[in-house]
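Listed below are the residues making up each chain.
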Amino acid sequence: MAIESKTVSFGYEDVPEKEKVSLVGQVFSNVASKYDVMNDAMSGGTHRLWKDRFVRRVKPQAGEDILDMAGGTGDIAFRMVDSGANITVADINAAMLAAGVERALDNGEDRLVWSEQDAEELKFPDASFDAFTMVFGIRNVTHIDRVLEEAHRVLRYGGRFFCMEFSQTKWPGFDKVYNAYSHKILPKVGKAIADDEDSYRYLAESIDKFPPMEKFEVMIRDAGFEQTRIEPMMGGLVCIHSGWKV
């Protein structure tokens, strides 16, 4: 009797579990060169304010070791590096990392370490970092629970976990406006700027498939984190999640 392979969501599609990594990888390889431009276009520049607020919550300190997972083009790392922290930018996608390295070279920034890593199977030893950050990346992984467990493993005791991700807004009326924008307008913007409608359709769908913020907080706790907190923005459209390894 044939054994059915497990399936996972890829946007609104169900795909074989083993295929998701390559499918998501293709999406980000396609958009890497236009990723930062598209972030501005998609959010009207608001993503910059979200990321500034995120870094204020992280409070990077001189001398500590921080892993910025799914750091891609370096948006978060560039905001933290002047603190004097030792920052490793990690991403599973080589094209996104290459875009980040090129951006660093253009800006004369040589203080960052760049590392190709799978968030579900990090190559770092236990207790390697004082903080773990992940921004708009965890919804694209195959197994969210494995990423959270790996984050907990590589953190030192007293280390902090910070993750910013999209969720579902609870502002009455705004949810309908955003839903129409993300599914009808966003893919067209992606086509116009990045010549890639399908990748941005997937990114919009992946937000819908991500667990609600309350459920995600439970997953963070289940991974072993304590003192977890949710900080919603725009009614929960974007949330900063945090926890401590104690």
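Let us look at the structure shown here. Because the structure is a prediction, the values reported are computed rather than measured.

This next bit is on the packing of helix H1 (residues 20-31) against helix H8 (residues 197-209). Orientation of H1 relative to H8, taken along the N-to-C sense of each, is 125°, at an axis distance of 9 Å. Here H1 lies oblique to H8, going by the angle between them. The crossing of H1 and H8 is left-handed. Residues Val-24, Val-27, Phe-28, Asn-30 and Val-31 of H1 pack against Ser-199, Tyr-200, Tyr-202 and Leu-203 of H8.

The next point concerns the packing of helix H2 (residues 35-43) against helix H7 (residues 174-194). Relative orientation of the contacting elements H2 and H7 amounts to 145°, with a least axis distance of 10 Å. For H2 against H7, the interelement crossing comes out right-handed. Here Val-37, Met-38, Ala-41 and Met-42 of H2 lie close against H7, whose contacting residues are Tyr-181, Leu-186, Val-189, Gly-190, Ile-193 and Ala-194.

Here we take up H7. Think of an α-helix as 3.6 residues a turn; residues three or four steps apart then line up on the same face. By the largest-angle criterion, Ile-185 marks the main kink of H7, which is about 40°, and a proline, Pro-187, follows within four residues. When H7 is considered as a whole, its buried residues turn out to be Tyr-178, Ser-182, Leu-186, Pro-187, Val-189, Gly-190 and Ala-194. Buried residues belonging to H7 abut H2, strand S7 (155-166) and H8. Downstream of H7 by a residue or two, Asp-195 has a phi angle that is positive, lying close to 55°.

Procedures and definitions
- Residues numbered from 1 in each chain as written.
- Predicted model: local features only at pLDDT ≥ 70, side-chain atom pairs only at ≥ 80, totals over all residues.
- Heavy atoms only, no water.
- Axes fitted to C-alpha atoms, helices over the stretch in contact; angles between N-to-C directions.
- Helix = DSSP H or I, 4+ residues; strand = E, 2+ residues; numbered from the N terminus.
- Parallel < 35°, antiparallel > 145°, perpendicular 65-115°, else oblique.
- Left-handed = near helix turned anticlockwise from the far one by under 90°.
- Contact = heavy atoms within 4.5 Å.
- Bend = angle between axes of the 7 residues up to and from the residue.
- Buried < 20%, exposed > 50% of the residue type's maximum accessible area, 1.4 Å probe, protein only.

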